[in-house]
Amino acid sequence: MKFATIMFSILLFINGILLAFQFHVFSSNSNEEEKAFSYAQDIEVTYRGNRFFVKQTFTGLPENEITITWPETSKNKSCEKNDDGKKDEQSCSRLTKHLNSLKAGSDTKQTITYTIPLSKKGFKSGTLFEDAFVTLKNGITGSTTLQIVDENRKGGHWFTGLPKLGERSLTLVDYSYFQGNGGVYELYWTKDRLKKTFDATEVSVYAKNISQQNLKKTMSSMKMLNSNHIDIVEATGQKNGSRIIFTNSMNKNVLQEKVVVSQIKEQYQFSSNSGNLPLLVASFATNTLLGNQKTQKMVQILNNTFNNAQSASWNDGLSALKGKKIDAGILDQLLSKTLNNKTSYFKMNEASGNKVVPLLFEEKRDLYLNDEKLTDVKIILKDGEILYAANPMLKHLGYKTRVGKNGYYVDSSVRKLRFPGQQYDFYVDNDVRMDLAKSRPIVEVSDTYYIEESWLIRLFGLTSGSSNERIDLQSRQ
């Protein structure tokens, strides 16, 4: 009777709501990579006792195998169950035994269930549940419906980032219903009933102390990357979600950056320690400079390097990565392809702290020393010079290296060299001072020491027999 009452009320409430599925298929440039796909989903969350019971249904699935990413805290992972408590094999025929993927099959609709344990004391106002739902690898969510049935009658206000179509306080439960384009990744609950001070297709703003007239002026001039709705909630000290943004400032520039980064994070699969990469990608997506000085300088360097064709190729490449994992290494691959030159621009800047590493190209040819291939020596091209990573290169030549009080030291059992700081005009070879005219043997680039090629050959008695295919260095006999 209880179940029938709830369902009857829910059906009356949601009667007339149509689900619009948007499918956009993205293919990678490599046949070896998995293809991205689009799907729709329906999620039912029941808050009962000290846990969330989640039922998640996917529709429009491709027939190939699909990797499942479960929420870290999820338990009791399974298929949907029938009234008799047994698994509904038809609704989840593709779930593998180990629950880590959907196997290849023709059923394009699948339903899984799981629980999210909560503290026995419940949760406090202002709680953000991150990565609350299952996601599918290489999947792009076209549309989502989400129902929250609160059997604990906790009240308050639920946010998901999706447009809230309505809510009801029924006899036995509190009920909220959301529906919109794109995926949903978190739940946020606050005890306070926040007033919706601005509402549009792409964004809703909930605030207490902000002038509605000023807010309307600010929001009307905001640049949005897509029509996927987001919630902006007035709050302090709260970490942003994917589609829920918290702010204590309605400054246009602050909001613009937060909104765009939020939308970028929904389009790409960034790792948890992605640093400034979302801001970098967002800068190119909006053709603006976002983030701190380093991020803006990195974007400016690339914009000043690209010609029109390269700029178009770079942006096309970023679009092709939507729905996929993205990190510094993947961006370096795309940039190398765009410029037809190997580079580790993003990786080097990722490791350089607040310093900006210039765009440096790397040697594509394999390096051989005495006919042995060396794989740990990076060779970069800078200011017309060919520079070898000094530490690994000199180690292969039998030397130990270190940075000391008076410069960079290179030692062996029979020889000791010292190269002073950045702007030195001499070096020391076995206690003999050797003056320099213009070029310097050792240079530092982004906290890494390099040795210039002609000096490497001269100082360490090497000969070069390089070709278009490889670099060959030989020790003189």
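A. Quick peek at the sheet that holds strand β28 (residues 416-419). In spatial order, the strands read β26-β27-β28-β29-β30; together these five strands make up an open sheet with antiparallel pairing. Edge positions in the sheet fall to β26 (400-404) and β30 (432-435), since each of these pairs with one other strand and no more. Within this sheet the neighbouring strands show an average axis-to-axis angle of 20°, counted without direction. The sheet contact formed by strand β27 (residues 407-411) and β28 spans four bridges and is antiparallel. Its bridge partner lying in β28, Val-410 is registered against Leu-417.

B. Local environment of the pattern of salt bridges. Overall, the coordinates contain 14 salt bridges when judged by the stated rule. Across the salt bridge formed by Glu-363 and Arg-365, the nearest N and O atoms sit 2.9 Å from each other. Take Arg-365: its relative accessible area is 26%, and that puts it in the partly exposed class. In this structure, Asp-383 engages Lys-382 in a salt bridge whose closest nitrogen and oxygen atoms are separated by 2.9 Å. Here Asp-383 falls in the exposed class, since its relative accessible area comes to 70%. Linked by salt bridges that have partners in common, Lys-164, Glu-167 and Arg-193 make up one network.

C. Quick peek at the pairing of strand β1 (residues 37-48). The element β1 is largely enclosed, with a buried count of nine among its twelve residues. In the sheet, β1 pairs with strand β9 (residues 139-150) via eleven bridges, with the strands oriented parallel. Counterpart to Ile-43 in the pairing with β9 is Leu-146. Here β1 pairs with strand β2 (residues 51-59) via nine bridges, running antiparallel. Paired with Asp-42 across the strands is Thr-57, a residue of β2. Hairpin connection from β1 to β2: two residues lie between these consecutive antiparallel strands, with Gly-49 at a positive phi of about 65°.

Rules of the game
Residues numbered from 1 in each chain as written. Predicted model: local features only at pLDDT ≥ 70, side-chain atom pairs only at ≥ 80, totals over all residues. Heavy atoms only, no water. Pairing = 2+ DSSP bridges. Helix = DSSP H or I, 4+ residues; strand = E, 2+ residues; numbered from the N terminus. Axes fitted to C-alpha atoms, helices over the stretch in contact; angles between N-to-C directions. Salt bridge = Lys/Arg side-chain N within 4 Å of Asp/Glu carboxyl O. Buried < 20%, exposed > 50% of the residue type's maximum accessible area, 1.4 Å probe, protein only.

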